[in-house]
Amino acid sequence: MIEMNTDILWKTQYSRRRFLKLGAATLGFSAASGLFELDSFGAWASAQAPMARERIVRTSGSHNCGGRCILQAHVRDNRVVRITTEDDIPDTDKTPQLRGCLRCRSYRDRLYHPERLKYPMKRVGKRGEGKFEQITWDEALDTIAGQTKRIMDQYGPDAIYMQYAPGNAGRVSERVWMSRLLGLYGGFLSYYGSYSTAATQMATPYTFGTTATGSSRDNWAHSKLIILLGWNPGETIHGTNTAYYLKKAKQAGARIVSIDPIYSDTSVALADQWIPIRPTTDSSLLDAMAYVIITENLQDQAFLDKYCVGFDEAHLPPGIPAGQSFKSYILGESEDQTAKTPAWAEAVTGIPRETIIKLAREYATQRPGALIQGYGPQRHAYGEQVVRSGTVLAALTGNIGVKGGWASGTGYQARSHFVAAIPVPNPSKARISVFCWPDAIKRGTGMGPEASVKGVKQLSANLKLMFNLGGNCLVNQHADNNGTARLLQDESLLEFLVVSEQFLTASAKFADILLPADNMYERDDIVMPWGYGDYVLFMNKAVDTVFECRNGYDWISDLADRLGLKDKFTEGRTIDQWLRYLVEETAKKNPGFYSYEEFKEKSVYRWQYPESSIAFQKQIEDPGNNPFPTPSGKIEIFSQRLWDMNQLQEIPAIPKYVKAWEGPEDPLRAKYPLQCIGHHYKRRVHSIFDNTGWMEEAGAQEVWVSPVDAAQRDLQNGELVTVYNDRGVISLPVKITPRIMPGVVSVPQGAWWTPDEQGVDRRGCINTLTKYHPTPLAFGNATHTNLVQISKG
Amino acid sequence: MAKQIAFYVEQKFCVGCKTCQVACKDKHDLKVGQLYRRVSETAGGGFEIKGATVIPAVYAFWTSISCNHCGQPVCVENCPVGAVQKQAADGIVYIDQEKCVGCRKCVKSCPYGAPQYNRETRKTGKCDFCRDELAAGKPPVCVAACPLRALDYGPLNVLQRKYGKANETKGLPAGGQTQPALVIAPHRDAL
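Residues numbered from 1 in each chain as written. Chains lettered and ligands numbered in written order. Predicted model: local features only at pLDDT ≥ 70, side-chain atom pairs only at ≥ 80, totals over all residues. Heavy atoms only, no water.

The name recorded for chain B in an unreviewed UniProt entry is Anaerobic dimethyl sulfoxide reductase chain B, from Sporomusa termitida. Its UniProt record gives chain B the following Function (unreviewed entry) comment, quoted word for word: "Electron transfer subunit of the terminal reductase during anaerobic growth on various sulfoxide and N-oxide compounds." We quote the UniProt Cofactor (unreviewed entry) comment for chain B here in full: "[4Fe-4S] cluster". (UniProt positions renumbered as here; feature names shortened; annotations may be inferred.)

As annotated in an unreviewed UniProt entry, chain A is Dimethyl sulfoxide reductase DmsA from Sporomusa termitida. Recorded in UniProt for chain A, the comment headed Sequence similarities (unreviewed entry) runs: "Belongs to the prokaryotic molybdopterin-containing oxidoreductase family."

See the structure below:
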């Protein structure tokens, strides 16, 4: 046993050393461009003018967060001087306040950051170098219009791409307006999936026919057992108040088990047991649990017989050869002749067989139980498998469609609400996976379904023009930063790149035209929770837009004018009239919805329900009238559709453990012995907030290393270390902590890629180390599948 | 008004999100390095590695702490100019910024590290229990902010009746030293 304590010293002030380092990194590009006036907002912190009257503006956040909270901007002299959260209703069990977390409570530090982009700029150096020159909006829009015309004429709509950019996720974001304009102009290449949930979005419907597999969260108070499979909602916000609902479940008596390479923040507070697991091996654990359940005859056979396809040989679809059922696979009676015993899984996962047996028995007998899947485990080489393994285990134990159970899979809320959207008529049907745009740049012409293309047989052009409006997935949140940067630097491939941003992020540095975006406190919008919650929020503009920053609708309308589409694009509406249109369209399908004026004033509309919602309750209670939305109408443990794809090694028809490249069983471990993941970190939403001081104070950018691995390398807590593989090198301080299992390290995702002259990333962006290698079915990102080595210095 | 107002910290359910810490900074306009309320991580233990298996014996918990508005405030005793004062009506300990000379005697004497010296103003500030919020009938911002509802406040005797009398936890100074106006529901690992 190794004893250690990364303890606190009550009287130690926070070390300034790391701030100086961060400052140097971010100030580096300011100095290089020579365009940034430091602190031109004035010293906001000291700008106290108590004589001025303070007004409170009700708003919310529209950045890419899994929560949506009520924020109250306290405004004085056109400046946000304080931010509070919902406090005008009592905080009750039925209607808990929508409380913001540290990210939005710290927002002034971001809103008034001295490095906000202030003017439109054009690139003057090599692409990606970060050298820009100030230009006028007219010049910027003339240039964008000219390039759009040229590329549309020369190559057609498949050459024009709207990049996944959820930095502004409001109903009237830049991305929405630009999509509308490009649609009206002749079309554009669009995407499916997401960087968060690609595999689960694709795989879950093969079992259930839908991603809406989540019950309402009050259900958890009826669960006897809750298994958090790579799920950490206390830190990664999966719906406002989700961790609070888990706390209530625990208070109601649920036992909570966390399966995670990290002893997560959620686990520390709420889990009764932490089971560390080697990344990429979740399906192995779930297979072995199935083995225990089947061999001890603990499965809900009546449920399987009635509702499922493919559990055993008797329930395979007609024409499927023998030995293909899930049961045969688990018992070692199919091709691989390997029983998926706890001993087998122990060697793969690192979890002792006794622990697996106990957990399996508990999940099968302590019903109802909720096996809730986070999205980390599916951002892996074969992320589709763990998703379906979870759904099958839920079926095996009859935990689907019942109070306190949980169907697993994506878990999007089954109870959904209609909120209107801006019409985006795109005549072009071509879509690619959100992750596969580099392929469309390199070899778009002729690219087909083998490289993620949907909607058309193949693409008719290489990708030549990209709009990246409020996002950092270009270089930073994608994969293989060095390789991606090289691709983008070649101007003969991607010919033109438009970026709209608030800061000079790693992605923004690659812009040909860089536009200064307004901030969420500077505009009206409508936002919805993407995870859980029965409400929709109106974001009221709190303060005026600063400098030459402009609202998306404003400048895209001017761009539409240059493309001869202004009237068609605006339909004669102001942004205010479009928001009114959205509210009126929403009200048509939601009787009792607020008027526009009421919605603006109250800023939140809550749908009220007398009862909690249980996913698939109807399908289970009355299957005759309510088939599952799958081809068979049943829960498809065996998927005929997957079988027909005929790629069974990587896309099996039943969920299987597939050994990952760069997983624990890859021979490459001889060279790079550590598995590297990039967990979501409280101090950022993805890459947002990376540059702010209050958040660096709340959580420094450090690589997490277990004391076991640190000792083998003689690492000292807090010192600078190098993390590397064949794809890249990062340098950052080390946090030596027993909260991560030996053999695994984690570089918290979202830090801004900051390469030095040697190409060493001095900030510690995980994607310097990740691989551009799409998952087989969803073509999603396998961000957490990496082998690395760590050394001192 | 109660004789002594106090904080309740439900440490066992604290996920360490630091929303209280940041909401407090926003309320009080605190620069980096100044924390009137702060959340600290404690972690220790290790692993048994047996064959292919990894068996954790790890402990971890979070501690959210501000000024405890102590019954026997050493900061008040040690202030040479009488700037640190304990309000008779509710027991709130605050620092009169007019009187503070920035000598940092309070900083050195407080076992909780509550007073925070400000290099720019050359004075020391600290948690004043959001006196202005209380006067407006609102809770202190840290309590109102907590996403887990793991913070509470109220008269010390009422909190003690509701939640017990524990006022110390692993890593914190012994409660007897200064009589902190604090009630804690300790984390299982912090007992």
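Now that the structure has been shown, the text picks up again.
Bringing helix H19 (residues 575-589) of chain A into the picture now. Residue and element names in this part refer to chain A. The terminal C-alpha atoms of H19 lie 22 Å apart, and with 15 residues this matches the ideal 21 Å at 1.5 Å per residue to within 8%. If you check which residues of H19 are buried, you get Trp578, Leu579, Tyr581, Leu582, Val583 and Thr586. Here the buried face of H19 lies against helix H5 (174-185), strand E17 (525-527), strand E18 (535-539), helix H17 (552-562), helix H18 (566-570) and helix H20 (596-602). (Helix = DSSP H or I, 4+ residues; strand = E, 2+ residues; numbered from the N terminus. Expected span 1.5 Å × (residues − 1). Buried < 20%, exposed > 50% of the residue type's maximum accessible area, 1.4 Å probe, protein only. Contact = heavy atoms within 4.5 Å.)

Residues and elements named next belong to chain A. Spatially, E10-E9-E8-E12 is the arrangement adopted by the 4 strands of the open sheet, whose pairing is parallel. Both outer strands of the open sheet, strand E10 (273-275) and strand E12 (369-373), are each paired with one neighbouring strand and no more. Along the sheet, successive strands turn relative to each other by an average axial angle of 15 degrees, direction set aside. In the sheet, strand E9 (residues 255-259) pairs with E10 via 3 bridges, with the strands oriented parallel. Opposite Val257, over in E10, you have Gln273 as the bridge partner. (Pairing = 2+ DSSP bridges. Axes fitted to C-alpha atoms, helices over the stretch in contact; angles between N-to-C directions.)

The next point concerns the UniProt feature "domain: 4Fe-4S Mo/W bis-MGD-type" (unreviewed entry) in chain A. Mapped onto this numbering, the UniProt entry annotates "domain: 4Fe-4S Mo/W bis-MGD-type" (unreviewed entry) at residues 54-115 of chain A. Annotation note: span residues 54-115 of chain A, helix share 13%, strand share 29%, distance between end C-alpha atoms 27 Å.

Turning to the side chain of B:Gln4, a few remarks are in order. All names here are of chain B. Its place among the elements puts Gln4 in the segment before strand E1 (5-9). Residue classification places Gln4 among the buried residues on the basis of a relative accessible area of 16%. At a separation of 2.7 Å, a polar atom in the side chain of Gln4 contacts the side chain of Lys86. Setting aside residues up to four positions removed in sequence, Gln4 forms contacts with His69, Lys86, Asp90, Gly91, Gly154, Pro155, Leu156 and Ala181. (Polar contact = N/O pair within 3.5 Å; in protein donor to acceptor, adjacent residues only side chain to side chain.)

We now examine the pairing of strand E26 (residues 787-792) of chain A. All names here are of chain A. The sheet contact formed by strand E21 (residues 674-677) and E26 spans 2 bridges and is antiparallel. Within E26, the position partnered with Leu674 by the bridge is Val788. The sheet contact formed by strand E23 (residues 720-725) and E26 spans 4 bridges and is antiparallel. In the sheet register, Val721 faces E26, and the bridge partner there is Lys792.

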